[in-house]
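# What the coordinates show
Single-letter residue listing:
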Amino acid sequence: MMKTAEEYRESLRSIKPVVYLGGELVDSVADEPRFEPGINATGITYDFAHVDDYKSIMTTAGLDGRPTNRFLAINRSHQDLLDKLEAVRLTCQFAGCAQRYLTHDAFNALFEATWLINETHGGENHARLLNYIEYAQSNDLSIGVAMTDGKGDRSKRPSQQVQPDSYVHVTERRADGIVISGVKAIITGGPYMHEFLVMPCRRMQPEDKDFAVACAVPIDAPGITIVSRPAGRPGNPAAMFSAKFAQSVAVAYFDNVFVPMERVFIDGETDEAHIMTTNYATHHRHSCIGARAGFGDLLIGAGAMIAEANGLDYEKTPHMREKMVDLIKITEGFYACGIAASTMGVHDAAGNFRPDRVYSNIGKLLLANQIYDMHRLAHDLSGGLVVALPSPEEDHNPSTAAMLSDVLRGHPDVPYQHRANVARFIEDLTASETGGWYSVISLHGGGSPEAMKLEILRNYNVEARSELVQALFDRGALELGKGMKVDRQPGRCCAKGCNGDELVNKKVDDERISNVDLTRT
Ligand SMILES: Cc1cc2nc3c(=O)[nH]c(=O)nc-3n(C[C@H](O)[C@H](O)[C@H](O)COP(=O)(O)OP(=O)(O)OC[C@H]3O[C@@H](n4cnc5c(N)ncnc54)[C@H](O)[C@@H]3O)c2cc1C
């Protein structure tokens, strides 16, 4: 059954995770005001699945054929990828970051990996995953993706770390399950998820076998400690957006946590674990494109509004027009890569549908760098007001409110309060702690830029391009379109067709030229 946002919030009350926030143990996650924006943002994915206009993209058939949330579904077609991309953009227009597509990305990555494990080694891994996905779909779960390990010393492999808990690994194997320990360092929405999907974050060599583990655990499983940050800027009246919608990130330490066998999907199968990691990256970078396009939509709208509030018509002011077009070009440019990745996607070995790797990675690489241009353009359009505007408390100060609203107006027809709201909105998204959060998640979320560059080169057929150029040389095809026959005939050296005498004469001419003393001219 698909929950509403309210039912999701209520469901968190039955979970008792160990969560620390600001140095204190949290009594009830559902009632903690500093998590409120995160629960609201995740709640958007629940409520939108019930909105008639959004149902076609927010829901699809689950494994049992009944409707399920799009973010818990397995892709079967190009259209599924396009719908997911659109659903991510839609939810992020309202939530900034809506978290649950990470679960979609993880399910789809595990789908092929577990299938391959069973094809190669036998076993029940794929069936266990399908059971778990059905369980998640029928309970409409929120599942945190616990992939990024602490990693310790980056120059060393997991098995070489001085502190083995830098990476989550299997410490014990029992007949009925496994025991895991270690740290996952960055989990979006960590404290207000129902479960965690633990997955390896990098390629594991055979000696790292114990670190190649993927499994699902309830977030209140004994041995898990979650240390979290607030979601956004709750309670801050200047935080127009992130006081209401934002995401918390958390560290989760697993201290000898028992995982029953039916929730173990990968344990030591390093090759398939690598396929899972790569596929997750492809699916997730595709989702990141939708997420940041939603963010871009907010900046485009706010950019137009602040220009107007400042008294400028962005269509008639050439440099404002250019900045607006740049914002649109950036947003739709990387989103177009998401569309291309969807339409050029392929069925993987297990029958699941995966975005094209090159376009997913290029789209994510574009946004990772261009988020800084997006912020710059928003600041350029808005002016310094976004960080200089007196705080919202002044709006209620009898000594200043009337004066400020009079002298700080821009366009005479636009009320001060509206101008202030738009300025605070832009500050929140681009120049505040939340603004920094969006920069860093765009840059590193789904992997650092270097990881995308590697994937692009690994999957792009550069050799085919070299062969193309060679073929142009070989076939004389550079003469195409000039009305000449391009097939090379025996005894002919070019498409025009020189004969032997011409070549001998040319050689004599060349020698004559080279004998001229060029220094005299
Ligand atoms: C806001 C936010 C939310 C996130 N949410 C989640 C989530 O829900 N779940 C999740 O699992 N992860 C999440 N992530 C984590 C994200 O996937 C990682 O930040 C990303 O993969 C980079 O890893 P890192 O942060 O450990 O940085 P590092 O890997 O330490 O990278 C830092 C720099 O070092 C370089 N580097 C690292 N290792 C090497 C090496 N061996 N050789 C050469 N160069 C190297 C990198 O290229 C980069 O330039 C989130 C991140 C952010 C910022």
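Look up: the structure comes first, before these words.
Bear in mind the structure is a predicted one, so any value in this text is a computation, not a measurement.

### With respect to the site of the ligand
- Neighbouring residues of the ligand: 18 residues in total, closest Val-145, Thr-148, Lys-151, Arg-154 and Thr-188.
- Val-145 places a polar main-chain atom, nitrogen or oxygen, 2.7 Å from a nitrogen atom of the ligand.
- Interatomic distance of 2.7 Å between a side-chain N/O atom of Arg-154 and an oxygen atom of the ligand.
- Within the complex, the protein chains bury 65% of what would otherwise be the 960 Å² of accessible surface of the ligand.
- Of all the secondary-structure elements, those providing two or more residues to the shell around the ligand are strand E7 (177-188) and helix H13 (433-444).
- With four residues, H13 is the single largest residue contributor to the shell around the ligand.
- Among the residues making up the shell around the ligand, the classes are represented as nine nonpolar, six polar and three charged.
- Composition of the shell around the ligand by domain shows at least three residues from each of domain 1 (5-275) and domain 2 (282-464).

### Quick word on the layout of surface pockets
- Its boundaries defined by the atoms lining it, the largest pocket holds a volume of some 1500 Å³.
- Thr-148, His-444, Gly-446, Gly-447 and Ser-448 are, among the 47 residues lining the largest pocket, the residues nearest its centre.
- Breaking the lining of the largest pocket down by element, the ones donating at least two residues are helix H5 (101-121), E7, strand E10 (224-228), strand E11 (249-260), helix H7 (270-309), H13 and helix H14 (449-459).
- Along the lines of polarity and charge, the residues of the lining of the largest pocket split into 22 nonpolar, 14 polar and 11 charged.
- Counting the residues that make up the lining of the largest pocket, at least three belong to each of domain 1 (5-275) and domain 2 (282-464).
- Approximately 210 Å³ is the volume found for the second largest pocket.
- What lines the second largest pocket is a set of 13 residues, and nearest its centre among them are Pro-230, Gly-232, Gln-247, Glu-433 and Trp-437.
- Of all the elements, H13 adds the most residues to the lining of the second largest pocket, at four residues.
- Along the lines of polarity and charge, the residues of the lining of the second largest pocket split into six nonpolar, four polar and three charged.
- Residue contributions to the lining of the second largest pocket reach at least three from each of two domains, namely domain 1 (5-275) and domain 2 (282-464).

### Overview of the packing of aromatic side chains
- Within this structure, the stated rule accounts for 14 aromatic pairs.
- Summarising the aromatic geometry, the rings of Trp-437 and Tyr-438 are spaced 5.3 Å apart at their centres and angled 85 degrees between planes, so their arrangement reads as edge-to-face. For the pair formed by Trp-437 and Tyr-438, the shared burial category is buried.
- Among the aromatic residues, those joined into a cluster by ring pairs are Phe-107, Tyr-132, Tyr-135 and Phe-265.
- Stacked on the ring of Tyr-335, the Lys or Arg Arg-89 has its end atom at 4.3 Å from the ring centre.
- If you follow Arg-100 out to its NZ or CZ, it ends over the ring of Tyr-46, 3.8 Å from the centre.

### Things to note about the nonpolar core
- Among the nonpolar cores identified, the biggest contains 90 residues, and Tyr-101, Phe-107, Leu-110, Leu-197, Met-199, Met-276 and Tyr-280 are the most heavily contacted of them.
- With 15 residues, H7 is the largest single contributor of residues to this core.
- Mapping this core onto the domain boundaries places at least three of its residues in each of domain 1 (5-275) and domain 2 (282-464).
- Apart from residues lying up to four places away in sequence, Met-199 is in contact with Ala-106, Leu-110, Val-145, Ala-146, Met-147, Lys-184, Val-213, Ala-214, Met-276 and Tyr-280.

### So, the side chain of Ser-442
- Tracing the chain through its elements places Ser-442 in helix H13.
- A polar side-chain atom of Ser-442 sits 2.9 Å from a polar atom in the side chain of Arg-292.
- Apart from the residues lying within four places of it in its own chain, the contact partners of Ser-442 are Arg-292, Lys-364, Leu-367, Ala-368 and Ile-371.

### Re the pairing of strand E1 (residues 18-21)
- Judged by which residues are buried, E1 turns out to be one-sided: Val-19 and Leu-21 face inward and are buried, whereas Val-18 and Tyr-20, on the alternate face, are not.
- As paired elements, E1 and strand E2 (residues 24-25) share two bridges and run antiparallel to each other. Residue pairing for E2: Tyr-20 is matched across the bridge by Leu-25.
- Hairpin remark: E1 followed by E2, antiparallel, with two residues in the connecting loop; positive phi at Gly-22, about 55 degrees.

### Observations concerning the pattern of salt bridges
- Considering all chains together, one arrives at 31 salt bridges under this definition.
- With a shortest N-O distance of 3.2 Å, Asp-52 and Lys-55 are connected by a salt bridge.
- Using a relative accessible area of 62% as the deciding quantity, one classes Asp-52 as exposed.
- In this structure, the salt-bridge partner of Asp-83 is Arg-70, at a minimum N-O distance of 3.3 Å. One end of the pair, Asp-83, is in helix H4 (residues 78-95); the other, Arg-70, is in the loop between strand E4 (67-69) and H4, and 13 residues separate them in sequence.
- Judged by relative accessible area, Asp-83 falls into the buried class, the value being 13%.
- Arg-70 gets classed as buried once you look at its relative accessible area, which sits at 3%.
- Linked through salt bridges whose partners overlap, the residues forming this network are Glu-6, Arg-9 and Glu-36.

### Notes on helix H9 (residues 357-382)
- Here H9 contains 26 residues, and its C-alpha end-to-end distance of 37 Å stays within 8% of the 38 Å for a straight helix at 1.5 Å per residue.
- Of all the bends in H9, the greatest measures close to 40 degrees and is centred on Gln-370.
- Among the residues of H9, the N-terminal cap falls to Asp-356, whose side-chain oxygen and the backbone nitrogen of Val-358 are separated by 3.1 Å.
- Following H9 by one or two positions, Gly-383 adopts a phi angle in the positive range, close to 85 degrees.

### Quick notes on the sheet that holds strand E9 (residues 213-218)
- On the basis of which strands lie adjacent, the open sheet formed by four strands has the order E5-E8-E9-E12 and mixed pairing. The two strands at the open ends of the sheet, each matched to only one other strand, are strand E5 (143-146) and strand E12 (264-267). Along the sheet, successive strands turn relative to each other by an average axial angle of 20 degrees, direction set aside.
- The pairing of E5 with strand E8 (residues 195-198) spans four bridges and is classified as parallel. Bridge assignment links Gly-144 to a residue of E8, and that residue is Phe-196.

### Overview of the packing of helix H12 (residues 416-431) against H13
- Running from amino to carboxyl end, H12 crosses H13 at an angle of 45 degrees, the nearest separation of the two axes being 4 Å. With respect to H13, the axis of H12 lies oblique. Residue-level inspection shows Asp-428, Leu-429, Thr-430 and Ala-431 of H12 in contact with H13, the latter providing Glu-433, Thr-434, Gly-435 and Tyr-438.

Calculation notes
- Residues numbered from 1 in each chain as written.
- Predicted model: local features only at pLDDT ≥ 70, side-chain atom pairs only at ≥ 80, totals over all residues.
- Heavy atoms only, no water.
- Near = heavy atom within 4 Å.
- Polar contact = N/O pair within 3.5 Å; in protein donor to acceptor, adjacent residues only side chain to side chain.
- Areas by Shrake-Rupley, 256 points an atom, 1.4 Å probe, with all protein chains shown as cover.
- Helix = DSSP H or I, 4+ residues; strand = E, 2+ residues; numbered from the N terminus.
- Nonpolar A, V, L, I, M, F, W, Y, C, P; charged D, E, K, R; others polar.
- Domains from an automatic or database assignment.
- 1 Å grid on protein atoms, 1.4 Å probe; cavity = no way out; pocket = protein on both sides within 12 Å on 5 of 7 lines; lining within 4 Å.
- Points joined across faces, edges and corners; volume = space filled by probe spheres on them.
- Phe/Tyr/Trp six-rings, centres within 6.5 Å; stacked < 30°, edge-to-face > 60°.
- Buried < 20%, exposed > 50% of the residue type's maximum accessible area, 1.4 Å probe, protein only.
- Lys NZ or Arg CZ within 6 Å of the ring centre and 35° of its normal.
- Core = buried A, V, L, I, M, F, W, Y, C linked by side-chain atoms within 4.5 Å.
- Contact = heavy atoms within 4.5 Å.
- Pairing = 2+ DSSP bridges.
- Salt bridge = Lys/Arg side-chain N within 4 Å of Asp/Glu carboxyl O.
- Expected span 1.5 Å × (residues − 1).
- Bend = angle between axes of the 7 residues up to and from the residue.
- Axes fitted to C-alpha atoms, helices over the stretch in contact; angles between N-to-C directions.
- Parallel < 35°, antiparallel > 145°, perpendicular 65-115°, else oblique.

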